[in-house]
Amino acid sequence: MMKLLYVISFLLSTTINCFAQKLDVKTYSLEQALAANSDTIYALDLSHLKLDTVPAEIAKFTRLNYLDLSKNKLSKLPDFLADLEYLKTVNISKNKFDVFPLVLTRIDSLTVLLANRNQFDRLPESIGYCKNLEVVDFWETPIMSIPESFYALPKLKTIDLQGIKYSPTFHKKLKERLPNVEIKLDPPCDCME
């Protein structure tokens, strides 16, 4: 099982890096970004740094499109992220979030949200404000409640809820409410209704 998780994690990180490369955008570390002109920074990789807070210096990268904060110790996100008007992809996977970070619902440009392997079990009703959201990854994040506003996201294409046990009723409701969305789920179980 651990080997499979490693392979999936590797593939996901490779896909994310390919996404940044496909856009022909250099992904910077924080040190590299701080040494460069802030207007030229479009992608930041702050993964695997054991961060428990997001560095305030990120606020000056106003053209940021891609922010990888995965595999840290974060439990909160700063409000200034909502001011990054070009931010399209945010990766907060494998952190310590036990409550969905509400600031994400104020990022109008957000199209890809990778939030797998966290601890929050509910999405806020304000997720409906993410009108440009296309891809959502909650793999192994124990989401037990999805608000009505989520079903109304107009551009949603893919949602990953694998690694979470849901009832056949939940599966059916999700597929009926999101008929044009690719939904990744584990097989249903009788564990919750």
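Below, the structure is looked at part by part. (Residues numbered from 1 in each chain as written. Predicted model: local features only at pLDDT ≥ 70, side-chain atom pairs only at ≥ 80, totals over all residues. Heavy atoms only, no water.)

1. Let's talk about helix α4 (residues 168–177)
Within α4, burial applies to Phe170, His171 and Leu174. Seen from one end, α4 has its buried residues packed into an arc of 100°, which puts them on one side. In α4, the exposed residues that point more than 90 degrees away from the buried face are Lys172 and Glu176. Those residues of α4 that are buried are in contact with α3 (148–151) and β8 (182–184). (Buried < 20%, exposed > 50% of the residue type's maximum accessible area, 1.4 Å probe, protein only. Helix = DSSP H or I, 4+ residues; strand = E, 2+ residues; numbered from the N terminus. Arc of directions from axis to C-beta. Contact = heavy atoms within 4.5 Å.)

2. A few points about the nonpolar core
Most often, soluble globular proteins keep nonpolar side chains buried together rather than apart. One finds Leu77, Phe138, Phe150 and Leu161 to be the most contacted residues of the largest nonpolar core, which totals 52 residues. At the level of elements, α2 (30–35), α3 and α4 are the ones that each hand at least two residues to this core. (Core = buried A, V, L, I, M, F, W, Y, C linked by side-chain atoms within 4.5 Å.)

3. Side note on the environment of Ser70
Tracing the backbone shows Ser70 in the loop between β3 (66–68) and β4 (89–91). Given the relative accessible area of 6%, Ser70 is considered buried. Considered as a pair, Ser70 and Ala115 are 45 residues apart in the sequence and their alpha carbons are 8.4 Å apart. Residues in contact with Ser70, not counting those within four places in the same chain, are Leu46, Ser47, His48, Asn91, Ile92, Ser93 and Asn95. Polar side-chain contacts of Ser70 include one of 2.6 Å to the side chain of Asp68. (Polar contact = N/O pair within 3.5 Å; in protein donor to acceptor, adjacent residues only side chain to side chain.)

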